[in-house]
Amino acid sequence: MLRLYIKEQLMATKGVPLIVRDEKNNPVYLITGRWGLRQDAFTLYTIGGRYVAEIKQTTLGLFPRFDLYLGKEKVGAVKKMYGVWHQFQFVSELNWIIMGDLTNHHYKIYHRTETLLVLDKAILADGDYYELAITHPEDAPICLLLSLVLDHWSIRRDKSPLKRGVTNPIYDV
């Protein structure tokens, strides 16, 4: 099983390169790009700068659609769909099912009955991360790119209670 980590606060920032690290905190991949507008994309590179894969937004709206490319070949497409507290998505061509819990930031990707990815929050010494437990290392590029668009709406961008206008009433004078 391959474990990779992406710093949480960076996932919410558009246009800032992301460094994906392994269990030993070694950089493995670099991700550039953003999403939110039609034709926006996230591009995945090895840490040495070699292009690996890409996820491109093809439609706008509340339920945007994304195309997945491994190398230059389109390998699948995914459309975001939401329930009240849970997400359900299908990755066409790959026959992957994505199920997620927006409130607990927990997601899984399945192929038939096999779990391919488990995405959870992880608190490490230097901050909050998303931990990706990937069953097959060859699926890592696609799993990484899908993880960038899974938890987008549930990320709270400003964690400081004072900046959000929330204070502890016990200490307010």
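Residues numbered from 1 in each chain as written. Predicted model: local features only at pLDDT ≥ 70, side-chain atom pairs only at ≥ 80, totals over all residues. Heavy atoms only, no water.

> Please provide a residue-by-residue account of the overall build of the chain, values included.
Per the secondary structure count, the chain includes two helices and twelve strands. Ordered by position from N to C terminus, the α and β elements of the chain give β-α-β-β-β-β-β-β-β-β-β-β-β-α. Per-residue burial over the chain gives 40% buried out of 173 residues. If you take every contact in the chain between residues at least 6 apart in sequence, the share linking residues at least 24 apart comes to 30%. Of the roughly 9600 Å² that the chain leaves accessible, carbon and sulfur atoms contribute 56%. (Helix = DSSP H or I, 4+ residues; strand = E, 2+ residues; numbered from the N terminus. Buried < 20%, exposed > 50% of the residue type's maximum accessible area, 1.4 Å probe, protein only. Contact = heavy atoms within 4.5 Å. Areas by Shrake-Rupley, 256 points an atom, 1.4 Å probe, with all protein chains shown as cover.)

> Lay out the packing of aromatic side chains with the relevant residues and their values.
In total, this model carries one aromatic pair according to the counting rule given. Centroid distance Tyr45 to Tyr51: 6.3 Å. Interplanar angle 75 degrees. Geometry classified as edge-to-face. The ring of Tyr69 has Lys56 lying over it, and the distance from NZ or CZ to the ring centre is 5.2 Å. (Phe/Tyr/Trp six-rings, centres within 6.5 Å; stacked < 30°, edge-to-face > 60°. Lys NZ or Arg CZ within 6 Å of the ring centre and 35° of its normal.)

> Can you lay out the side chain of Thr46 for me, pointing to particular residues and giving the numbers?
Along the chain, Thr46 turns up in strand E4 (residues 41-46). Given the relative accessible area of 18%, Thr46 is considered buried.

> Hey, could you go over the confidence of the model for the chain for me, with residue numbers and the actual values?
Averaged over the chain, the pLDDT score is 82; the fraction of residues at 70 or greater is 80%. For residues 153-173, every residue scores under 50 in pLDDT, and the model assigns this stretch 22 contacts once sequence neighbours within four places are set aside. (pLDDT = per-residue confidence, 0-100.)

> Any details on the pattern of salt bridges? Residues and values, ideally.
Opposite charge on two side chains makes pairing possible when the charged atoms of those side chains draw close. What the rule picks out here adds up to five salt bridges. With a closest N to O distance of 3.9 Å, Lys56 and Glu54 form a salt bridge. The class for Lys56 is partly exposed, based on a relative accessible area of 27%. Look at Glu54 and you get buried, because its relative accessible area is 15%. For Asp67, the salt bridge goes to Lys74, with nearest N and O atoms at 3.5 Å. Each of Arg3, Glu23 and Glu131 takes part in salt bridges that share partners, so that together they form one network. (Salt bridge = Lys/Arg side-chain N within 4 Å of Asp/Glu carboxyl O.)

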